[in-house]
Amino acid sequence: MRIRIVGAGAMGRGIAQWAATAGHTVELCDVRREAVTAAVDFVGSMLERAVAKGRMSDEDRTAALERLVPLDDPWAAGPEVGLVVEAVREDLDTKAEVFGRLARVLPASTVFATNTSSLSVTRIAATLEDPSRLAGLHFFNPVPLMRIVEVVPGAATRPDIPPLLTELVTGCGHRAVTVSDTPGFLVNHAGRGLVTEALALLEESVAEPVDVDRIARDVLGLRMGPFELMDLTGLDVTAAVIDSIWEGFRHEDRLRPSYLTPNRVAAGLHGRKTGRGWYAYGPDAPAQAPEPAVTGDPDRPVFVADTGTGAGAAAVREALAAAGATVEDGPGPSGRAVVLVPVWGTTAASAVAALGLPAARTFGVDPLPAAGRRRVLAVTPASDPAAARDARAVLARAAAGDEPYAVSVVRDTAGSVAQRLLASVVSVAASIAERSLAAPADIDLAVTAGLGYPVGPLGWGDRIGAARVLELQRALYATTGDPRHRPVRWITERAQLGLGLTEPGTSPAACSETAVLPDTAASL
């Protein structure tokens, strides 16, 4: 196929490299001729690097560069152009002008695709005389490495175009997911679950950014913590996406922005690109403070309280006993024991009140199996600091031959840091499935490929179990009263019916199809 790419910036040149390497003839153009020259040079250097690393032969590099055609005039006639991919700045009027001018010089059969990440595909298409020829084709940067593309039909897009674009994407070695034309499409929408909850935890002074990031990495298994991710992406970009998705979904509580971000954006604390965000960067930036040393008594006896909610008290007892800790039996703690309360959507403070536990030496602990060597201790306003240090030392213990655990100390909150982050990630994905904005399998595929999560959010929920996730949602909602935690119908129904969160389930349409009966007339 002959493809014209309009816009030779970071996204346009990445798409050009991807398409030309896959065997397509690519016309690369921009209103700035110097941008095209720079883009061609950049693609050449990337292909040269691939050859040096043994990922591409010199012959294939030469052939790919021969298929990359610099175009001086974006509005030149192109009778053989089958597809246009627009990758200009995120502005509706600019994109409308580009497509309007292209519609006057290219055949009516040419398919138009916009790489917009935040604008409505339907609104862009509506500026054309024939809106049915345009769809969204949303790539992620860097295009050659981010092997996922969102295919976004607009309200008027011809039904043959999404399959055509899907075939193109898969033929070039990437994965395609078809998503609805809604704010944030799929990946940006699903990604709000992590960052909005992280900001909410910071609002409530539950933990500092570094602690949230450590827990996200070492307990949940994420490659980057949410605050590290915001610094990499740019807080200005992240905040704009959060606001646009929240406004686009008519102030959905689950997507609620934080009051913390506007002032930080105004102050230029955008992250890596400005030298300072949630963390400091650059040669003169101070090194990140190490974790506090474990100074308590690891031999202090510990009592693990059972709240009767199935939060995992037995598993915590077994793990501590295997590490050589002195774990007390009996109906209650001794006068010296520190008390650990495994929480599941609840707080250690509520267990103190309900069970009559000693407030000064009772702490919350997260029973989620950690992906790494980290445990989390939650302290209340009544906690005795010496007892907390001892509880931390007990939790740091490991079985013989194993590395000790790192132990993060956070403020007591409903469900703990990791549970709240995980519940939010699963809930936002479930709400996407509930609205039929994307198929469950596509949600998990897009999130793992686009965001680098260790498992898709719905699959993550299935690992825990739909019923258990529902318990967590209900407990968080009951404990906090915050509607951001209210149970999602997708999860509620599947927990009640014994279905997995990744199962699409039976649709009304499937039940109304007319059965096809065998033709028996000939045998009568």
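From a predicted model like this one, the values you see are computed outputs, not experimental measurements.

A.B. asks: Please clarify how the packing of helix 16 (residues 416-434) against helix 18 (residues 457-464) should be interpreted in this entry.
C.D. replies: Think of two packed helices as two axes; the pair is described by the angle between the axes and how far apart they sit. Helix 18 packs onto helix 16 with a crossing angle of 120 degrees between their chain directions and a minimal axis gap of 8 Å. When the axis of helix 16 is compared with that of helix 18, the two are oblique. At the point where helix 16 passes helix 18, the crossing takes the left-handed sense. For the pair helix 16 and helix 18, contact is made by Leu-422, Val-425, Val-426, Ala-429, Ala-430 and Ala-433 and by Pro-457, Leu-458, Trp-460, Gly-461 and Ile-464, respectively. Partitioned by chemical class, the residues of the contact of helix 16 with helix 18 number 10 nonpolar, 1 polar and no charged.

A.B. asks: Would you mind going over the side chain of Thr-157 with me for this structure?
C.D. replies: Take Thr-157: it is sitting in the loop between strand 7 (148-153) and helix 6 (161-171). Within polar-contact distance, the side chain of Thr-157 engages the backbone oxygen of Leu-134 at 2.7 Å. At 2.7 Å, the side chain of Thr-157 forms a polar contact with the backbone nitrogen of Gly-154. Ignoring sequence-local partners within four residues, the contact set of Thr-157 consists of Ser-132, Leu-134, Ala-135 and Pro-162.

A.B. asks: I keep staring at the confidence of the model for the protein chain and nothing clicks. Help me out?
C.D. replies: Low-pLDDT stretches of the model should not have their predicted coordinates read in fine detail. Looking at the protein chain, pLDDT values average 94 and 98% of them are 70 or higher. Confidence drops under pLDDT 50 across residues 515-524; counting only partners more than four residues distant or on other chains, this segment forms 0 contacts.

A.B. asks: Please explain the packing of aromatic side chains as it appears in this structure.
C.D. replies: Any two aromatic rings considered together are summarised by their centre-to-centre distance and by the angle between their planes. One pass over the structure, following the stated rule, counts 4 aromatic pairs. Pairing Phe-227 with Trp-278 gives two aromatic rings, centres 5.0 Å apart and planes at 75 degrees, and the pair type is edge-to-face. Here Phe-227, found in helix 10 (residues 226-233), pairs with Trp-278, found in the loop between helix 12 (261-266) and strand 9 (302-304); they are 51 residues apart in sequence, far enough to count as distant. With respect to burial, Phe-227 and Trp-278 carry one shared label: buried. Geometry around Phe-112 places Arg-133 over its ring, the cationic atom sitting 4.0 Å from the centre.

A.B. asks: Got a minute to help me understand the nonpolar core in this structure?
C.D. replies: Core analysis: the biggest nonpolar cluster contains 88 residues, and Leu-102, Phe-227, Val-417 and Leu-421 have the highest contact counts within it. Looking at this core, the element that brings in the most residues is helix 16, giving 12 residues. Core analysis: the next-biggest nonpolar cluster, separate from the first, contains 37 residues, Ile-15, Trp-18, Val-36 and Val-149 among them.

A.B. asks: Even after reading the chapter, I still don't get helix 9 (residues 209-218), so can you show me in this structure?
C.D. replies: Side chains three or four residues apart in an α-helix point the same way, a direct result of the helix having 3.6 residues per turn. For helix 9, the tally of buried residues reaches 8 of 10 residues, placing the bulk of the element in the interior. Among the structural elements, helix 8 (192-203), helix 10, strand 12 (374-379), strand 13 (406-411) and helix 16 are those in contact with the buried residues of helix 9.

A.B. asks: Explain the state of the cysteines to me, please; I cannot follow it from the model alone.
C.D. replies: Working definition: the covalent bond between the sulfur atoms of two cysteines is a disulfide. By the definition in use, this model includes 0 disulfides. Between Cys-172, a free cysteine, and Cys-29, which holds the nearest cysteine sulfur, the sulfur-to-sulfur gap is 18 Å.

A.B. asks: How should the packing of helix 9 against helix 10 be read in this particular structure?
C.D. replies: Here helix 9 crosses helix 10 at 105 degrees, and the two axes come no closer than 7 Å. Relative to helix 10, the element helix 9 lies roughly perpendicular. Taking contact as the criterion, the partners of Pro-209, Val-212, Asp-213, Ala-216 and Arg-217 in helix 9 are, on helix 10, Pro-226, Phe-227 and Glu-228. The residue inventory of the contact of helix 9 with helix 10, partitioned by class, reads 5 nonpolar, no polar and 3 charged.

A.B. asks: Explain the pattern of salt bridges to me, please; I cannot follow it from the model alone.
C.D. replies: Pairs may arise between side chains of opposite charge once their charged atoms sit close together. Tallied over the full model, the rule gives 25 salt bridges. Here Glu-90 makes a salt bridge to Lys-95, at a shortest N to O gap of 3.3 Å. Given the relative accessible area of 36%, Glu-90 is considered partly exposed. Between Arg-489 and Glu-493 there is a salt bridge; the shortest N-O distance is 3.6 Å. Highlighted residues: Arg-489 and Glu-493, both in helix 20 (residues 489-497), separated by 4 residues, approximately one helical turn.

A.B. asks: What exactly am I supposed to notice about unusual backbone geometry here?
C.D. replies: Trans peptide bonds make up the majority, and among non-glycine residues the majority have a negative phi. Residue Pro-142 is reached from Asn-141 by a cis peptide bond, and omega for that bond is -5 degrees. As for its placement among the helices and strands, Pro-142 is situated in the loop between strand 6 (134-138) and strand 7. For Ser-205, which is not glycine, the phi torsion reads 55 degrees and is therefore positive. Residue position: Ser-205 is located in the loop between helix 8 and helix 9. The backbone of Ser-436 shows a phi angle near 60 degrees, a positive value even though the residue is not glycine.

A.B. asks: How should I be thinking about the sheet that holds strand 13 in this particular structure?
C.D. replies: Strand pairs in the sheet, formed through backbone hydrogen bonds, run parallel or antiparallel to each other. Ordered by their spatial adjacency, 5 strands build an open sheet running 9-10-11-12-13, and the pairing between neighbours is mixed. Looking at the sheet topology across the chains shown, the edges are occupied by strand 9 and strand 13. When the angles between neighbouring strand axes are averaged without regard to direction, this sheet yields 30 degrees. Where strand 9 and strand 10 (residues 338-342) come together, 3 bridges link them in parallel fashion. Bridge pairing links Val-302 to Val-338 in strand 10. Of the strands in this sheet, strand 9, strand 10 and strand 12 touch helix 13 (residues 313-322), which is tilted by about 155 degrees from strand 9.

Cut-offs applied
Residues numbered from 1 in each chain as written. Predicted model: local features only at pLDDT ≥ 70, side-chain atom pairs only at ≥ 80, totals over all residues. Heavy atoms only, no water. Axes fitted to C-alpha atoms, helices over the stretch in contact; angles between N-to-C directions. Helix = DSSP H or I, 4+ residues; strand = E, 2+ residues; numbered from the N terminus. Parallel < 35°, antiparallel > 145°, perpendicular 65-115°, else oblique. Left-handed = near helix turned anticlockwise from the far one by under 90°. Contact = heavy atoms within 4.5 Å. Nonpolar A, V, L, I, M, F, W, Y, C, P; charged D, E, K, R; others polar. Polar contact = N/O pair within 3.5 Å; in protein donor to acceptor, adjacent residues only side chain to side chain. pLDDT = per-residue confidence, 0-100. Phe/Tyr/Trp six-rings, centres within 6.5 Å; stacked < 30°, edge-to-face > 60°. Buried < 20%, exposed > 50% of the residue type's maximum accessible area, 1.4 Å probe, protein only. Lys NZ or Arg CZ within 6 Å of the ring centre and 35° of its normal. Core = buried A, V, L, I, M, F, W, Y, C linked by side-chain atoms within 4.5 Å. Disulfide = S-S within 2.5 Å. Salt bridge = Lys/Arg side-chain N within 4 Å of Asp/Glu carboxyl O. Pairing = 2+ DSSP bridges.

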